[in-house]
Amino acid sequence: MDHIVVTGASGFVGSALMSHFCKLGIPVQGLSRKSVNGLTTVFNYADLFVPENAILVHLAQSSNTSSLFDSEAVELCRMLSKKKWKHIVYASSAVVYGDAKDYPRSPDEVLEATSDYMRVKLACEQIFSNGGGTSLRFANLYGHGMSENTVLFDILKQVPGEGPLRLRDLKPVRDFLWIEDAVRCIVSACRVMPGGILNGGSGNGIAVGDAAHLALRIAGESDRPVIGTFSGPPSCLKLDFTKTQTVLGWSPEVDLYEGLSSLICMDKNEQ
């Protein structure tokens, strides 16, 4: 594989991706706005020098789904797309589908943005698609080093423990994808360079409350109750990765039971 350039290389996905490329022996340059050992610090991604035959993996974008429209993020994508990359792989989000449908969502659906975050993601996807790039719409990613602003982190920080495991809403159904599976998906997109939009998800949805009960069962604490403090409207988001499997030859390998078991075992070993 050719030289890889990764923006946002210090983040959750970026760190895992950098480690994977290094293990494969693939030349990779990690970029970050933060000063991190082993990475190249940049002040403006728009000023990037493009190595010959380099593939760009663009991860440097806010994951705050409540953020206002970020015109600078869209403009950066436009500027990156004008540079002479061999290919661009953009990490988008399944959030663009919304949560109103109970069937696995397809990348071929026509979507209408209902939030500024969705508008940014869809605008960036369109920019890269126009230039032949690949956008990967990822489900809820989890694993070692995941963000504290996730429901699985909320669950796992209470395991092991005593008394009720408390969450906000138990009913939302979500698709969870292990971080290493997401990394393999990105690597496959770099190899194949298909262009267009693909989903990165497990294909399975699980209610938040059921995910909590699963974590408790793994930890040997099945007797603890799970309590929700809020009951919202129906909410479901799960992905159909059939097209990704066909185009990239990719499918997830780690199910939620295995992934949670790994995280819970790691926490126990660190205590």
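Conventions and cut-offs
- Residues numbered from 1 in each chain as written.
- Predicted model: local features only at pLDDT ≥ 70, side-chain atom pairs only at ≥ 80, totals over all residues.
- Heavy atoms only, no water.
- Helix = DSSP H or I, 4+ residues; strand = E, 2+ residues; numbered from the N terminus.
- Contact = heavy atoms within 4.5 Å.
- Salt bridge = Lys/Arg side-chain N within 4 Å of Asp/Glu carboxyl O.
- Buried < 20%, exposed > 50% of the residue type's maximum accessible area, 1.4 Å probe, protein only.
- Pairing = 2+ DSSP bridges.
- Expected span 1.5 Å × (residues − 1).

A.B. asks: What should I look at first to understand the environment of Leu-80 in this one?
C.D. replies: Position of Leu-80 among the secondary structure elements: in helix H2 (residues 71–81). As for Leu-80 and Leu-48, which are separated by 32 residues in sequence, their C-alpha atoms are 8.3 Å apart. Setting aside anything within four residues of it in sequence, one finds Leu-80 in contact with Tyr-45, Leu-48, Leu-56, His-58, Trp-85 and Ile-88.

A.B. asks: In this structure, what is going on with the pattern of salt bridges? I would like to understand it.
C.D. replies: It is possible for side chains bearing opposite charge to pair when their charged atoms get close. Counted under the stated rule, the structure contains 11 salt bridges. Between Asp-99 and Arg-174 there is a salt bridge, and its shortest N-O distance comes to 3.8 Å. Of this pair, Asp-99 sits in the loop between strand S5 (87–93) and helix H3 (116–130) while Arg-174 sits in strand S9 (residues 173–174), placing them 75 residues apart in sequence. Asp-99 sits in the partly exposed class, given a relative accessible area of 34%. Of the residues examined, Arg-174 reaches a relative accessible area of 17% and is grouped as buried. With its nearest N and O atoms 2.9 Å apart, the salt bridge here joins Arg-184 to Asp-181. Taken together, the residues Arg-184 and Asp-181, both in helix H5 (residues 179–192) and three residues apart, mark about one turn of the helix. Among the residues examined, Asp-181 registers a relative accessible area of 1% and is labelled buried.

A.B. asks: Would you explain the sheet that holds strand S14 (residues 236–237) in this entry?
C.D. replies: Note on sheets: strands pair through backbone hydrogen bonds, and any given pair is parallel or antiparallel. The sheet built from three strands is open, its strands ordered S12-S9-S14 with mixed pairing. Lying at the two open borders of the sheet, with one neighbouring strand each, are strand S12 (206–207) and S14. Note that S9 and S14 share two bridges and pair parallel. Opposite Val-173, over in S14, you have Cys-236 as the bridge partner.

A.B. asks: What should I look at first to understand H3 in this one?
C.D. replies: Note that an α-helix has 3.6 residues per turn; residues three or four places apart therefore point the same way. The terminal C-alpha atoms of H3 lie 21 Å apart, and with 15 residues this matches the ideal 21 Å at 1.5 Å per residue to within 8%. Along H3, the residues classified as buried are Tyr-117, Met-118, Val-120, Lys-121, Leu-122, Cys-124, Glu-125, Ile-127 and Phe-128. Where H3 is buried, its residues touch strand S4 (55–58), H2, S5, strand S6 (134–138) and strand S11 (196–200). Among the residues trailing H3, Gly-132 stands out with phi positive, at a value near 90°.

Geometric values such as these leave the question of function open.
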